[in-house]
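Spelled out from the first residue to the last, the chains are:
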Amino acid sequence: MIPVSEQLDHFFTEKMKEYPTQRSFLVPMLLYAQDELGCLSNQAVEYIAGKAGLSQLEVRNVISYYSMLTTKPRGRFHVQVCTNICCQLRGAEDLFEHCKQRLGIGHKGVTSDEQFSLEEVECIGACSWAPAAQVNYDFHENLTPEKMDQVLDEYRSR
Amino acid sequence: MADVTITIDGNKVTAPAGTLLIEVCKSIGTEVPAFCYYPGLSLQAACRMCLVEIEKMPKMQTACTVPISEGMVVHTTTDKVRQARKSTLEFLLGNHPLDCPVCDAGGECELQDMTFSYGAAESKFMEAKLHRDEQQWSPVVFFDRPRCILCYRCVRVCGEAMDVWALGVQNRGSASIIAPNEGDHLECEECGMCIDICPVGALTSGAYRYKTRPWEMKHVGTTCMHCGDGCKTTLGVRRHETGMQIVRGDNRDKSGINGDFLCIKGRYAFDVTHSDERLTQPLVRHEGRLTPATWEAALELVASTFKRIRDEHGGSAIGVIGSNRTTNEENYLLQKFARVVLGSNNIDHHRTADFPALAAALKNTQVRTAGMRDVFNAKTILLIGNNPTDQHPLLAWQIRNNVRLHKARLFVVNAQDIKLHRQATAFAQVPSGSEAFAAAFLAGNDSVGESVGGDARNALLAMRQALKGAEEAVVIFGSEIRGAQVKAAVNLASALNAKIACLGDYANSRGAADMGLYPDLLPGYAQTSSEIFTGHWGALPEQPGWNIEQMVNAARDGQLRALLCVGSNPVVRYNVDPFVLQKTFLVVNEMFMTETASLATVVLPAACAYEKSGTFTNTMGDLQVVKKAGDLAGTKPDFEIVIEIADRMGFDVRKLVSLGGGTRADMGQSRGAQTGEADRHAVWLEAQNLEPRMTPFDPAAVLDEIQRLVPGYGEASRLNVAAGNDEHTTALEAGQGSATSDPDLVVPSEDTLFTSGTLGRYSNTLHSVIESRRKVPADKKTPV
Amino acid sequence: MNAIRAIGGILKGMSVTFREMFRPTIVENYPDGAGPYKGARFEPRFRGLHVLQRDESGLEKCVACFLCAAACPSNCIYIEAAENTAERRISGAERYAEVYNIDYNRCIFCGFCVEACPTDAITHGHGFELATFNASNLVYRKEQLLAPMPKEIQSAVQREELRAHAPEMAH
């Protein structure tokens, strides 16, 4: 029983052929699997280790290295607030503080209804529109606490 | 590669282009400190300690990753370099706890040494140090995270050199951490290489933890007493109320055939020497029960009984079974005792490989035997049978690292899919029992192709092609090939122009064979009528004696009236019915109350190989010294026991141990010199052209006789052996051998990494490792 | 004239005597005085019999690092180390001295061990009455060298032990 969908498994098998070695495809595989499953569970690690021809330990080493890969479940909407220098100068710390208050969770926390999770992240490449936040793969720019409320409400209503 | 000339601190040095700068510096005695660099492992440049200035390079370079090129000008002692080292140390010490007084590495810690040399005594860091509790990863591996300096030596040695890949690095930056493969514990070969290689005290050994400090121990360089590979081992010894106790095993000076390698048995299974179950008092059967007796009474009883039986029924009514774990000198003495004093050829031992058949097969061929060093340097290795990863860890290490570092080609023929398959250029799985046919087929004999089956035949055919024109090859075969079949392996070696080696299981299995513990062969695989020996020992019984099986049958029939069993457990090994031995006067020299010892009339507590001096010959024929490390009050070495029995039987022991009679009696190596150095006293004696005074209990006198009489041992340099080095012996090539001894008597020990025959049963460490592995559910077990 | 001078001399001498009679005595009353040293008094830095100190929670300070033994010029310190366990905690660190012997036949009271000690566990006390008729009595064991357990901790430990044994007694 594989933890990912049939299509994804098939996609992995096909895509693997384009890479010089099996392990080169490891990080993309981890990202795709995480998008589908929400997090990289033990079964997912076992499955991907088998797929890439690596030991589970090696896969875990890679997962722990990248902060966007996680083995713990996140919320349906993963709110990532940048607090790097440009955003910080434009009030990102207040923004992050506001999110914490609003969602009632801290850094890397998950709300009890599993809708939201919050993370303070390093630069997400949106310095021109600082302060910025990323929810799943969507960017929200030039944020203020009020605008952030709107963004969060919008997601909540989805 | 072509030589280039570089300048290091003003000195011109010439070395091959591409050599690493750090190695060149080392070769001229310029110290470049490094934590992460380790010869033989991949390059890491993680610690930044080896920074040096190279002219025309804008920034300082890590000497461990820079290959030298023509005209390079290097500075290693400038203020800038010193400052860089100091700052690096300050960073490393930023989170390093100040628990040197309790840390096991204290006193032999590389970080301590560097801090001492470069003096980053005060820290500018104000932050609190991160503390994590110590973790136990396995019964023998403990990890103390704050002490770790992240050099990754453990990760690399476990993966690259051991091919286990049980350690990894998780997280990144200052949060990096060494992680074991099973989350919170290790599932590995428990070799302890990670502990040995750790420059600080982050990985510590369960056996040695918090016991003592390095400078408190005496270090004795000897040979490991477990498997047949003969790793050089340094035993750390401390005073204890029952004598000298061994508290640590490692290879401190990284010398000998094994370099830095030791497996779990060499590193931890010394604990059998101070097991609670050791026998420390002679036992004599009295009214059906074994009761303690004095040494005098026990020896007197043995000697008088042997004498009576010999005089009344002749020597053939007495049998002797020797050991695979006693020294060459003891084995030689034992068979001489049997033949000269008892007048009996009834002598045998637990055979784990068919060495006499190999000796016979080597007759009239150009094939030579391979030493352990040859395996590391050969260009082609052909392994038939055996699973070295389990049974010959050092051999597996040599093969793996030869493949990894020298790009040697490995060919494996085996009935199982063994782990060395991973290193193999080609692998052929043949049906169990057809290893010899495979060898014959590889040598070009097509007629045996059918007996190995279709798939295997194709694999072997491809292998035969690949082996064509192989240079510097070594053929290694296990005990699967025995008797007349050995000829097939020798023919193959001959066809490949290769050296050959046969794998026996215990520390001195080869020595026991070389020293003539056979009913039909004298030392050096000579015939029982050999003039070399009759000339020196006088008349010998000419008829071949009984082998183990025949001895047991004779005991059943009442013909074998006495049996001396030295350090051997035939009751288990050969499935002897305990009732068979009831009528026999059975004397057992043992460390423990084994199945055989519990049947004995007299049990004599013997010292183990770590408690006496002598030599071992490993399965490849490398002769190495065994030095007394520990001792246990109440026991005696088998050497002494045999001489005392002979003396009490009224035999002139001067005929048994020729005292100073030899031309080579120039070394007294029984004094415990420090590891890696020559015995200074011996060197002095030689310089003065003097002979040491010898007692009848001096094994050196017997080694002297062995070197004079046993073909293949004479060329070995005694000084070199005494200094702790290995000398290859060639008794197999020189001896007559016998292809007719019963191949069924060869009973391999089938040891794994965590067992060591009867001896291993008494090791608490091996037990705890086996136990901890048993707890892991089978479905979670990762193959190692 | 001579007599007067002699009497004057006596008076001068006696005046010192009388003056001292009213001052506190400086003569040591050893061995009839009070206290553990029987009236003998020492300078604070006097190097006497060693004392193995305890920390404020009553645990031994010695972590069996063997540095005192290494520093000892007369080689008179013998230590056997063992590991603390959760059930049996003797010292503050991972390791403690299971055996700690000082051979006072050989000790020269140089104080190197005290200087070497990284945890201030071994100190010189003021004990000095070491004389004995039997040289083997001069090998002092850890129990003889250890500082006494502070009173309040000792009673706390006893209470703890009583509590631990109470359920067993109930059975």
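Residues numbered from 1 in each chain as written. Chains lettered and ligands numbered in written order. Predicted model: local features only at pLDDT ≥ 70, side-chain atom pairs only at ≥ 80, totals over all residues.

Colleague: An account of the overall build of chain A is requested, with residue identities and associated values reported.
Modeller: Within chain A, the secondary structure is distributed over 7 helices and 4 strands. Each helix (α) and strand (β) of chain A, taken in turn from the N terminus, gives the series α-α-α-α-β-α-α-β-β-β-α. Counting only C-alpha atoms, chain A reaches 50 × 30 × 25 Å along its principal axes. Once local pairs closer than 6 in sequence are excluded, the contacts in chain A between residues at least 24 apart make up 60%. (Helix = DSSP H or I, 4+ residues; strand = E, 2+ residues; numbered from the N terminus. Contact = placed C-beta atoms within 7 Å.)

Colleague: If you had to explain the overall build of chain B to someone new, which residues and values would you point to?
Modeller: Helices and strands together make up the secondary structure of chain B, namely 27 helices and 30 strands. Relative to its length of 784 residues, chain B is compact, with a C-alpha radius of gyration of 28 Å against a globular reference of 28 Å. Each principal axis of the C-alpha distribution contributes one length, and for chain B these read about 90 × 65 × 65 Å. Across the 784 residues of chain B, 57% fall into the buried class. (Rg over C-alpha atoms; globule rule 2.2 N^0.38 Å. Buried ≥ 20, exposed ≤ 12 C-beta atoms within 10 Å, placed from the backbone.)

Colleague: Help me get a handle on the interface of chain B and chain A, residues and values and all.
Modeller: Of the residues lining the interface, 8 residues belong to chain B; the matching set on chain A comes to 7 residues. The greatest single-element share of the side of chain B that touches chain A, amounting to 3 residues, is contributed by strand β8 (residues 167-170) of chain B. Residue classes in the side of chain B that touches chain A are distributed as 3 nonpolar, 4 polar and 1 charged. (Nonpolar A, V, L, I, M, F, W, Y, C, P; charged D, E, K, R; others polar.)

Colleague: Requested: an account of the nonpolar core, with residues and values cited.
Modeller: Counting residues in hydrophobic clusters, the biggest one holds 272 residues, and the most contacted among them are A438(B), A439(B), V475(B) and A489(B). Those residues in contact with V475(B), other than ones at most four positions away along the chain, are L382(B), A489(B), L492(B), A493(B), L496(B), A498(B) and I500(B). Formed by 17 residues, the second largest nonpolar core is a distinct cluster that contains V79(A), F96(A), C99(A) and A133(A). (Core = buried A, V, L, I, M, F, W, Y, C linked by C-beta atoms within 7 Å.)

Colleague: Tell me about the interface of chain B and chain C, and name the residues and values.
Modeller: Contacts between chain B and chain C engage 11 residues on the former and 13 residues on the latter. When the residues that make up the side of chain B that touches chain C are grouped by side-chain class, the tally is 4 nonpolar, 2 polar and 5 charged.

Colleague: Can you explain helix α4 (residues 56-65) of chain A? Please cite residues and give values.
Modeller: Buried within α4(A) we find L57(A), V59(A), R60(A), N61(A), I63(A) and S64(A). On the buried face of α4(A), the contacting elements are α2 (26-37) and α3 (42-52) of chain A together with β8 and β9 (177-180) of chain B.

Colleague: Got a sec to walk through the sheet that holds strand β10 (residues 203-205) of chain B? Specific residues and values, please.
Modeller: In sheet architecture, strand pairing relies on hydrogen bonds along the backbone and comes in two forms, parallel and antiparallel. All names here are of chain B. One open sheet holds the 3 strands; their spatial order is β6-β7-β10, and the pairing between them is antiparallel. Lying at the two open borders of the sheet, with one neighbouring strand each, are β6 (135-136) and β10. Sheet topology places β6 next to strand β7 (residues 141-143); 2 bridges connect them, and they run antiparallel. Looking at the pairing, Q136 lines up with F142 of β7. (Pairing = 2+ DSSP bridges.)

Colleague: Account for the sheet that holds strand β5 (residues 139-140) of chain C, naming residues and giving values.
Modeller: Residue and element names in this part refer to chain C. The 3 strands lie next to each other as β2-β3-β5, forming an open sheet whose pairing is antiparallel. The two strands at the open ends of the sheet, each matched to only one other strand, are β2 (77-83) and β5. Inspection of the sheet shows β2 paired to strand β3 (residues 95-103) by 7 bridges, in the antiparallel sense. Pairing of I77 across the sheet is with I102, part of β3.

Colleague: Let's hear about the arrangement of the chains: which residues, and what values?
Modeller: With 2 pairs of chains in contact overall, the contact-richest pair is chains B and C. What separates chain A from chain C at the closest point of their C-alpha atoms is a distance of 30 Å, and the two make no contact.

Colleague: Any details on the confidence of the model for chain B? Residues and values, ideally.
Modeller: Residue and element names in this part refer to chain B. When pLDDT is averaged along chain B, the result is 90, and 94% of the positions lie at 70 or above. Of all secondary-structure elements in chain B, the lowest mean pLDDT belongs to helix α22 (residues 680-687), at 60, while strand β27 (residues 602-605) reaches the highest, 97. Note on residues 661-677: pLDDT is under 50 here. Beyond four places in sequence and across chains, it has 55 contacts. Confidence over residues 780-784 falls short of pLDDT 50; this stretch has 8 contacts with residues more than four positions distant or in other chains. Prediction confidence for the complex, expressed as pTM and ipTM, is 0.89 and 0.86 respectively. (pLDDT = per-residue confidence, 0-100.)

Colleague: Any chance you could break down the domain arrangement of chain B for me, citing the residues and the numbers?
Modeller: What the domain assignment reports for chain B is domain 1 (3-92), domain 2 (94-205), domain 3 (283-352 + 509-736) and domain 4 (356-503). Each of domain 1 of chain B and domain 3 of chain B was reduced to a C-alpha centroid, and the two centroids are 54 Å apart. (Domains from an automatic or database assignment.)

Colleague: Give me the environment of V155(B): which residues, what numbers.
Modeller: All names here are of chain B. Mapped onto the elements of the fold, V155 is located in helix α4 (residues 153-161). Overall, the presence of 21 C-beta atoms within 10 Å leaves V155 in the buried class. With near-sequence residues (within four places) excluded, V155 lies in contact with L167, G168, V169 and I178.

Colleague: Describe the pairing of strand β14 (residues 283-286) of chain B, listing the residues and the values that go with them.
Modeller: All names here are of chain B. Looking at chain direction, β14 and strand β15 (residues 289-292) are connected through 4 bridges and run antiparallel. Each residue of the ladder has a partner; that of V284, found in β15, is T291. Where β14 folds back onto β15 in an antiparallel hairpin, the turn is made up of 2 residues, including E287, whose phi is positive at roughly 50°. Strand direction decides the pairing type here: β14 and β27, joined by 2 bridges, are antiparallel. Bridged to L283 within β27 is V603.

Colleague: Hey, could you go over the domain arrangement of chain A for me, with residue numbers and the actual values?
Modeller: Taken domain by domain, chain A consists of domain 1 (6-65) and domain 2 (77-157). Here domain 1 of chain A and domain 2 of chain A have C-alpha centroids that lie 29 Å from each other.

Colleague: Summarise the pairing of strand β12 (residues 232-240) of chain B; cite the residues concerned and give the values.
Modeller: Residues and elements named next belong to chain B. Two elements, strand β11 (residues 218-223) and β12, share 6 bridges in a ladder whose sense is antiparallel. Opposite T222, over in β12, you have T233 as the bridge partner. For β12 and strand β13 (residues 243-250), the ladder comprises 7 bridges, and the chain directions are antiparallel. Looking at the pairing, G236 lines up with R248 of β13.

Colleague: How would you sum up unusual backbone geometry? Please name residues and give values.
Modeller: Among all residues save glycine, negative phi is the norm, and among peptide bonds the norm is trans. At the junction of A130(A) and P131(A), the peptide bond is cis and its omega measures out at -5° in the coordinates. Within the secondary structure, P131(A) is located in the loop between β2 (116-121) and β3 (133-135). Here the amide bond leading from Y30(C) into P31(C) is cis, since omega sits at 0°, within 30 degrees of zero. For P31(C), the location among the structural elements is in the loop between α1 (2-21) and β1 (50-52). Unlike most non-glycine residues, Y152(B) shows phi in positive territory, near 65°. Inspection of the secondary structure assignment puts Y152(B) in the loop between β7 and α4.

Colleague: Requested: an account of the packing of α3(A) against α4(A), with residues and values cited.
Modeller: Residue and element names in this part refer to chain A. Running from N to C, α3 and α4 cross one another at 110°; their axes reach a closest spacing of 9 Å. Judged on the interaxial angle alone, α4 and α3 are roughly perpendicular. Viewed along their axes, α3 and α4 form a crossing whose handedness is right-handed. Only Q56, V59 and R60 of α4 make contact with α3, whose side of the interface consists of V45, E46, I48 and A49. Broken down by class, the residue content of the contact of α3 with α4 amounts to 4 nonpolar, 1 polar and 2 charged. (Axes fitted to C-alpha atoms, helices over the stretch in contact; angles between N-to-C directions. Parallel < 35°, antiparallel > 145°, perpendicular 65-115°, else oblique. Left-handed = near helix turned anticlockwise from the far one by under 90°.)

Colleague: Can you break down the environment of E46(A) residue by residue, with the values?
Modeller: Inspection of the secondary structure assignment puts E46(A) in helix α3. Taking the C-alpha atoms as reference points, E46(A) and Q56(A), separated by 10 residues in sequence, lie 6.1 Å from one another.

Colleague: I'd like a description of the packing of helix α8 (residues 328-341) of chain B against helix α20 (residues 638-648) of chain B, backed by residues and values.
Modeller: Residue and element names in this part refer to chain B. At a minimum axis separation of 9 Å, α8 and α20 run at an interaxial angle of 20°. On the basis of the axis angle, α8 is roughly parallel to α20. In this structure, the crossing between α8 and α20 has a hand that is left-handed. Touching E329, E330, L333, L334, F337 and V341 of α8 are D638, F639, V642 and A646, all from α20. Grouping the amino acids of the contact of α8 with α20 by side-chain chemistry returns 7 nonpolar, no polar and 3 charged.

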